[in-house]
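This is what each chain is made of:
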Amino acid sequence: MLSRIKNSLSRFIGFMTALVMVFTISAFPTQTAHAENIPDNQLNDMAIEMAFLINEYRLENGLHPVYVVPYICDIARVRSRECIELFSHTRPDGSGFETIIDTNLIPYAAAAENIAAGYPNPDMAMQGLKESKKHNATLLNPNLTHVGIGVAYEQNSFYGYYWTQLFIFTDAHFQNEYIPRRHEIIPQAEGDITGDVDVNTYDYLSLVDYIYKRSQNIPVYFNEEQLKTADCFRDGIITESDAKVLVRYILGEYDTLPYVF
């Protein structure tokens, strides 16, 4: 599998290796937050919230979401603990952060890491990363496919809170991967692209925007259910013809969707 991935993604390996070097060389410490020891389940909830925030941010910018992989979350937590000892993309043993990934379990073409410290909650940590040009570029990299989030807290450490976002780029899929779906749009009717039950001008504008951006190679994302309901001809492709059918349905010229000749 690893050989297949390296062959199919070889043109990106050099590019993504550069990303690892460029986009992950700094982080955003703030004043240490004073708190009692935080239980693991609370830290896990904070990591899940960070995963939501990452994908919401990517969707807002027309990018596909990244899959969360429990194993990558596990090693991201280890990296966060390591950052208590050495706040760096170099591990305490002197190796690079990417050496923590077992390629027998997670074959990948390239990896990237964002780290932050001092932020007491996911929103503040995410905002700090977004405000950095380099970290923001990693968050919005269209090539990234999977992520793991780790959070550690050490009351008597220099920063208190330590955050790790560990991304990979691969064409592999893993049995236990998932996309957090807190705000996943679920269409409630044919043509309901926005998920608000009503089929109206907002759905038409969303469809037109999608078609335009695809034609200009601008990143844009519809989930599988949105793609299905936007395919007003059910011919497997989204084109201007679907938009024309949708607007005629909204205007009352057509009675049903999908349209059948």
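Residues numbered from 1 in each chain as written. Predicted model: local features only at pLDDT ≥ 70, side-chain atom pairs only at ≥ 80, totals over all residues. Heavy atoms only, no water.

A.B. asks: I would appreciate a short explanation of the overall build of the protein chain in the present structure.
C.D. replies: A count of helical and extended segments in the protein chain gives 9 helices and 4 strands. The burial tally for the protein chain puts 46% of its 261 residues in the buried class. Once local pairs closer than 6 in sequence are excluded, the contacts in the protein chain between residues at least 24 apart make up 73%. With the model as given, the accessible surface of the protein chain reaches about 13,500 Å², and the carbon-plus-sulfur share is 52%. (Helix = DSSP H or I, 4+ residues; strand = E, 2+ residues; numbered from the N terminus. Buried < 20%, exposed > 50% of the residue type's maximum accessible area, 1.4 Å probe, protein only. Contact = heavy atoms within 4.5 Å. Areas by Shrake-Rupley, 256 points an atom, 1.4 Å probe, with all protein chains shown as cover.)

A.B. asks: Looking at this structure, I do not really get unusual backbone geometry. What am I missing?
C.D. replies: The phi torsion of most residues other than glycine is negative, and most of the peptide bonds are trans. Each neighbour pair has its own omega, and for Leu257 with Pro258 the value is -5°, a cis peptide bond. Within the secondary structure, Pro258 sits in the segment after α9 (240-250). Phi is positive for Val197, close to 80°, though the residue is something other than glycine. Residue position: Val197 is located in the loop between β4 (161-169) and α7 (201-215). With a phi angle near 55°, Arg234 is a residue other than glycine that sits in the positive phi range. Structurally, Arg234 can be placed in the loop between α8 (224-230) and α9.

A.B. asks: Got a minute to help me understand the sheet that holds strand β2 (residues 110-117) in this structure?
C.D. replies: Where strands meet in a sheet, backbone hydrogen bonds hold them as pairs that are either parallel or antiparallel. In space, the 4 strands of this open sheet follow the order β1-β3-β4-β2, with mixed pairing throughout. The outermost strands of the open sheet, each flanked by one partner alone, are β1 (67-68) and β2. Both β1 and strand β3 (residues 146-153) contribute to a ladder of 2 bridges, which runs parallel. Bridge pairing in β3 places Tyr67 opposite His146. In the packing of helix α4 (residues 70-85) onto the sheet, contacts are made with β1, β2, β3 and β4, and the angle to β3 comes to roughly 40°. (Pairing = 2+ DSSP bridges. Axes fitted to C-alpha atoms, helices over the stretch in contact; angles between N-to-C directions.)

A.B. asks: So what exactly am I meant to see when it comes to α7 here?
C.D. replies: It helps to recall that an α-helix has 3.6 residues per turn; residues three or four apart then point in one direction. For α7, with 15 residues, the first-to-last C-alpha span of 21 Å sits near the 21 Å given by 1.5 Å per residue. If you check which residues of α7 are buried, you get Asp203, Leu207, Tyr210 and Ile211. Viewed along the axis of α7, the buried residues span an arc of 95°, placing them on a single side of the element. Structurally, α7 contributes buried residues whose contacts are with α8 and α9. Directly after α7, the chain includes Asn217, whose backbone phi takes a positive value near 60°. (Expected span 1.5 Å × (residues − 1). Arc of directions from axis to C-beta.)

A.B. asks: What should I look at first to understand the nonpolar core in this one?
C.D. replies: In globular proteins that are soluble, nonpolar side chains generally tend to be buried together. Membership of the largest hydrophobic core comes to 27 residues, with the highest contact counts inside it found for Ile54 and Trp163. When contributions to this core are tallied by element, the ones reaching two or more residues are α3 (40-60), β2, α5 (122-130), β3 and β4. Take this core: its biggest share by element is 8 residues, from α3. Beyond its immediate stretch of four places on either side in the chain, Ile54 contacts Val66, Met126, Leu139, Val147, Ile149, Gln165 and Phe167. One finds Val69, Ile101, Ala111 and Ala172 within the second-largest nonpolar core, a separate group that totals 14 residues. (Core = buried A, V, L, I, M, F, W, Y, C linked by side-chain atoms within 4.5 Å.)

Purely geometric numbers; function is a separate question.
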